[in-house]
Amino acid sequence: MKANGKLKYSLSLGIVAMEGRGFEYPSDTVLASDDRIYVTNKSRDYGERGVRITVLNKQSDYFGTFGHFGFNDGNLVSPSGITEDLNGLLHVTDDYTHSVTTFDKDGSFIRKWGNEGQSRGELNGPSRITTNKKGQLLISDTKNHRIQIFSETGEFISTFGSYGTGEGNLILPWGINVNKEECIQIADWGNSRIQEFSPDGEYIRKYDCSNTDGDRLNHPSDVASDEDGYIYITDWGNECLKVLNPEGNLVYTSRGESTLSKWASEFLETNLEESKSRQEANLEDENIISKFTDPHSVSAHIEKYFWSPVAITIGHDEDIYITESNRHRIQIFTK
């Protein structure tokens, strides 16, 4: 079938929970090679109970948590990104401790590296992290307004990008992706655009949807791409998902279509008062759109909509996983 960039909603995962089974302000998601889904949870105001990595699968089977709050080896304070390397290890960025912690998929601590600073190889508020075909780790060094590349054990390799609004400049880069040609795509949050660089960090092009009336990107949080060259963007400021074709033209937009997750349904089955209150509430008040012009206010009132879509990943199953921080869930779409 010829690709066209259009998507179909499949299901949702998760439920808000400060500990154990569930999410609290999830920040990133990876579908690992063991077909388990690993979700980083930032919690709220560095809350001790909520910080963790939740492990589940697409059938909502729950496999536990690890990486809980703390400053010792194996602990996290504000996990912001997660990736799996070529050896099956998980690497987690922490934007509070300015470090990267490595775990195996059982949650056992392997190593921790990184320190705060502005020099080459130092980090300041690192957010998203990904892996290229060489096994190197690419990190959005957000508050240093640059991208840094390290070995899988933390040895500095190279860096590119600097503060500014011109071609190749960055302001608070957030999401990061390596496409099939090994080009590096950055969600340039502060400049409301996606920028693409060569594997060596040379500027290639930008995408901002400025050629589409009313649909210009507004502080995008993350970017992903598929084998056909389509680009998937979580447009955080517009509370939506956008898909661009290989030429950079907008071909699909979604505000979100979430239904109840399996965990949420199970909770409501055993908590009848909560279920009754939910049935009496208006969770899809489309009239709210005429009352608010701010997309964040609209999303806060319509449950199926994305509310703070902070991360997007395309799994090896080719499904698209969109992490919503404020609704503590993941919406999954199929191509």
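Everything that follows concerns the structure shown earlier in this document.
Residues numbered from 1 in each chain as written. Predicted model: local features only at pLDDT ≥ 70, side-chain atom pairs only at ≥ 80, totals over all residues. Heavy atoms only, no water.

Please set out a negative patch on the surface residue by residue, giving values where relevant.
A contiguous patch of negative charge on the surface is contributed by Glu181, Glu227, Asp228 and Glu318. As for its position among the elements, Glu181 is in the loop between β14 (173-178) and β15 (184-188). (Patch = residues over 30% accessible without salt bridge, like charges linked within 9 Å, V, L, I, M, F, W, Y side chains within 5 Å. Areas by Shrake-Rupley, 256 points an atom, 1.4 Å probe, with all protein chains shown as cover. Salt bridge = Lys/Arg side-chain N within 4 Å of Asp/Glu carboxyl O. Lys, Arg positive; Asp, Glu negative; His and termini not counted. Charge placed at Lys NZ, Arg CZ, Asp CG, Glu CD. Helix = DSSP H or I, 4+ residues; strand = E, 2+ residues; numbered from the N terminus.)

For the sheet that holds strand β9 (residues 109-113), give the residues involved together with the corresponding values.
Overall, antiparallel pairing links the four strands, which are arranged β6-β7-β8-β9 in an open sheet. A strand with exactly one partner marks an edge of an open sheet, and here the two such strands are β6 (79-84) and β9. Strand-to-strand twist in this sheet, taken as the mean axis angle between neighbours without regard to direction, amounts to 20 degrees. Pairing of strand β8 (residues 99-103) with β9 involves four bridges; the strand directions are antiparallel. Counterpart to Phe103 in the pairing with β9 is Phe109. (Pairing = 2+ DSSP bridges. Axes fitted to C-alpha atoms, helices over the stretch in contact; angles between N-to-C directions.)

Which residues make up helix α1 (residues 262-270), and what are the values?
Burial in α1 covers these residues: Trp263, Ala264 and Leu268. All buried residues of α1 project into a common sector of 130 degrees when viewed along the axis, lining one side. Facing away from the buried surface of α1 by more than 90 degrees, the exposed residues are Glu269 and Thr270. (Buried < 20%, exposed > 50% of the residue type's maximum accessible area, 1.4 Å probe, protein only. Arc of directions from axis to C-beta.)

So what about the nonpolar core? Which residues, and what values?
Judged by nonpolar contacts, the single largest core of 13 residues is most densely connected at Leu7, Tyr232, Leu241, Ile312, Ile320, Ile322 and Phe333. With residues up to four places along the chain from it excluded, the contact list for Leu7 reads Tyr232, Leu241, Val243, Tyr252, Ile320, Phe333, Thr334 and Lys335. (Core = buried A, V, L, I, M, F, W, Y, C linked by side-chain atoms within 4.5 Å. Contact = heavy atoms within 4.5 Å.)

Give me the lowdown on the packing of aromatic side chains, citing residues and values where you can.
Scanning all chains against the criterion turns up 15 aromatic pairs. Taking 6.0 Å as the distance between ring centres and 75 degrees as the angle between the ring planes, the aromatic pair formed by Phe150 and Phe156 counts as edge-to-face. Counting every residue linked through ring pairs, the aromatic cluster contains Tyr9, Phe306 and Phe333. Residue placement shows Arg36 over the ring face of Phe63; its charged tip is 3.6 Å from the ring centre. (Phe/Tyr/Trp six-rings, centres within 6.5 Å; stacked < 30°, edge-to-face > 60°. Lys NZ or Arg CZ within 6 Å of the ring centre and 35° of its normal.)

Provide a residue-level description of the pattern of salt bridges, including the pertinent values.
Applying the stated criterion across every chain yields a total of 18 salt bridges. Residues Glu266 and Arg21 are paired through a salt bridge, measuring 3.0 Å at the closest nitrogen-oxygen approach. Highlighted residues: Glu266 in helix α1 and Arg21 in the loop between β1 (8-13) and β2 (26-31), separated in sequence by 245 residues. Since its relative accessible area comes to 32%, Arg21 is described here as partly exposed.

So what's going on with unusual backbone geometry? Which residues, and what values?
Positive phi, normally seen in glycine, also occurs at Cys209, with a value near 60 degrees. Locating Cys209 in the fold gives a position in the loop between β17 (203-207) and β18 (222-225). For Cys209, a relative accessible area of 3% gives the class buried. Despite not being glycine, Ser308 shows a phi value in the positive range, around 65 degrees. Following the sequence through the fold, Ser308 ends up in the loop between α4 (295-301) and β22 (309-314). Among the residues examined, Ser308 registers a relative accessible area of 7% and is labelled buried.

How would you explain the side chain of Asn144 if you had to name every residue and give the values?
Mapped onto the secondary structure, Asn144 falls in the loop between β11 (137-141) and β12 (146-150). Of note is the side chain of Asn144, whose polar atom sits 2.9 Å from the side chain of Asp141. With sequence-adjacent residues up to four places away left out, Asn144 is seen in contact with Gly117, Gln118, Glu122, Leu123 and Asn124. (Polar contact = N/O pair within 3.5 Å; in protein donor to acceptor, adjacent residues only side chain to side chain.)

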